[in-house]
Amino acid sequence: MLEGELSRAAASAVPDSGIGTVLISARSLAEYRAMFALSDAALRRRLLDCPGGAASLTAEVNAAGGDATACDPVYAHTSADELAAHAHADTDRGNRYIRAHPEQYRWSFFTDPDDHYRRRRAALTRFTADRQAHPERYVPGELPRLPFTDNAFDLVLSSHLLFSYADRLDLAFHRDGIGELMRVTRDELRIFPLVAMGAVSYPYLDQLLAQLADHGITTQVADVDYEFQAGGNQMLICTHRLD
Ligand SMILES: C[S@@+](CC[C@H](N)C(=O)[O-])C[C@H]1O[C@@H](n2cnc3c(N)ncnc32)[C@H](O)[C@@H]1O
């Protein structure tokens, strides 16, 4: 859908992963907890999941009494059923990709491709039910501009768009996207992973972090106890610099 709109301004040193259009994927709260090293206290903060895709973080956090909102461009034009069908097809596509590229994956969180498929489908089912019951939690929006006021959230989580699709999203998109995610968080932004699809390191990280520092954003690369894509075991933590 958005493929034509995604920024391709600068030629990228990141090779085409072969995945095709950006996947609408469905990760669970358990996967988010591991990817972002989320504590119970962190989950009690005002959370934004952007891009939310078909992930069940928002459903699961709110069901437990928390306060989470998801934001993604796909919420703009698709009913819950249409999105479920699309995300179902993308769960199949993602699963075919990992079976075709076993050298790019590690099996510590998931036990094998069948387990990956089952758990992603379970998250999708949970997402679909919650979006039907609580459509207000699923806000259409597209980086690098989001429909939220400054500091609307305490903690913003951003998984598997930035860095992951660096074969088509340039450095300027990463800088502007992170700047926007920081605008809407009072405290902190966490981004995971720092490798692109294809398990390729992001080659512009030093440049990006320098540009973010120029914009008053402090960054820290932190190891996490989760690795599915080979080398994908780090997150980027961004905070506002206190002058
Ligand atoms: C691989 S999914 C990640 C979803 C979720 N975070 C997860 O980990 O399961 C990538 C998502 O990015 C969304 N997306 C694509 N372009 C975007 C943009 N410019 N701003 C925000 N989200 C975007 C897609 O619609 C898709 O749902």
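Structure: above.
The structure displayed is predicted, hence computed values, not measured ones.

What counts and how
Residues numbered from 1 in each chain as written. Predicted model: local features only at pLDDT ≥ 70, side-chain atom pairs only at ≥ 80, totals over all residues. Heavy atoms only, no water. Core = buried A, V, L, I, M, F, W, Y, C linked by side-chain atoms within 4.5 Å. Buried < 20%, exposed > 50% of the residue type's maximum accessible area, 1.4 Å probe, protein only. Contact = heavy atoms within 4.5 Å. Axes fitted to C-alpha atoms, helices over the stretch in contact; angles between N-to-C directions. Helix = DSSP H or I, 4+ residues; strand = E, 2+ residues; numbered from the N terminus. Parallel < 35°, antiparallel > 145°, perpendicular 65-115°, else oblique. Left-handed = near helix turned anticlockwise from the far one by under 90°. Nonpolar A, V, L, I, M, F, W, Y, C, P; charged D, E, K, R; others polar. Salt bridge = Lys/Arg side-chain N within 4 Å of Asp/Glu carboxyl O. Near = heavy atom within 4 Å. Polar contact = N/O pair within 3.5 Å; in protein donor to acceptor, adjacent residues only side chain to side chain. Areas by Shrake-Rupley, 256 points an atom, 1.4 Å probe, with all protein chains shown as cover.

S.K.: What is the right way to read the nonpolar core from this model?
M.R.: One recurring pattern in soluble globular proteins is that nonpolar side chains are buried together. In this structure, Leu48, Leu146, Phe163, Ile178 and Tyr226 are the most contacted members of the largest nonpolar core, which totals 65 residues. Those residues in contact with Leu146 that lie beyond four places of it in its chain are Leu48, Cys50, Cys71, Gly141, Glu180, Leu181, Arg183 and Val184. Judged by nonpolar contacts, the second largest core, of 13 residues, contains Ala26, Tyr75, Ala87 and Phe127.

S.K.: Please clarify how the packing of helix α5 (residues 171-183) against helix α6 (residues 205-214) should be interpreted in this entry.
M.R.: Where α5 contacts α6, the axes come no closer than 10 Å and their chain directions differ by 40°. By the angle between their axes, α5 is oblique relative to α6. Every pair of crossing elements has a handedness; the one defined by α5 and α6 is right-handed. Residues Leu171, His174, Arg175 and Ile178 of α5 form the contact with α6, whose own contacting residues are Gln207, Leu208, Gln211 and Leu212. Split by residue class, the contact of α5 with α6 holds four nonpolar, three polar and one charged.

S.K.: Any chance you could explain the pattern of salt bridges here in plain terms?
M.R.: When charged atoms on two side chains of opposite charge get close, those side chains can pair. Throughout the structure, instances matching the rule amount to 19 salt bridges. One salt bridge connects Arg137 with Asp130, and the closest N-O pair in it is separated by 2.8 Å. Taken as a pair, Arg137 and Asp130 share a single burial class, namely buried. For Arg168, the salt bridge is made with Asp167, and the minimal N-O distance between the two is 2.9 Å. The burial state of Arg168 is the same as that of Asp167; both residues are buried. Several salt bridges converge on common partners, so that one network encompasses Arg45, Arg46, Asp154, Arg186, Asp187, Glu188 and Arg190.

S.K.: It is not clear to me how the site of the ligand should be interpreted in this structure. Could you clarify?
M.R.: Lining the immediate surroundings of the ligand are 23 residues, of which Arg27, Pro51, Asp72, Leu143 and Ser159 lie closest. Within the side chain of Ser25, a nitrogen or oxygen atom sits 3.2 Å from an oxygen atom of the ligand. In this structure, Ser159 approaches the ligand through a side-chain N or O atom, which is 2.5 Å from an oxygen atom. Relative to its unbound accessible area of 600 Å², the ligand is 99% covered by the protein chains.

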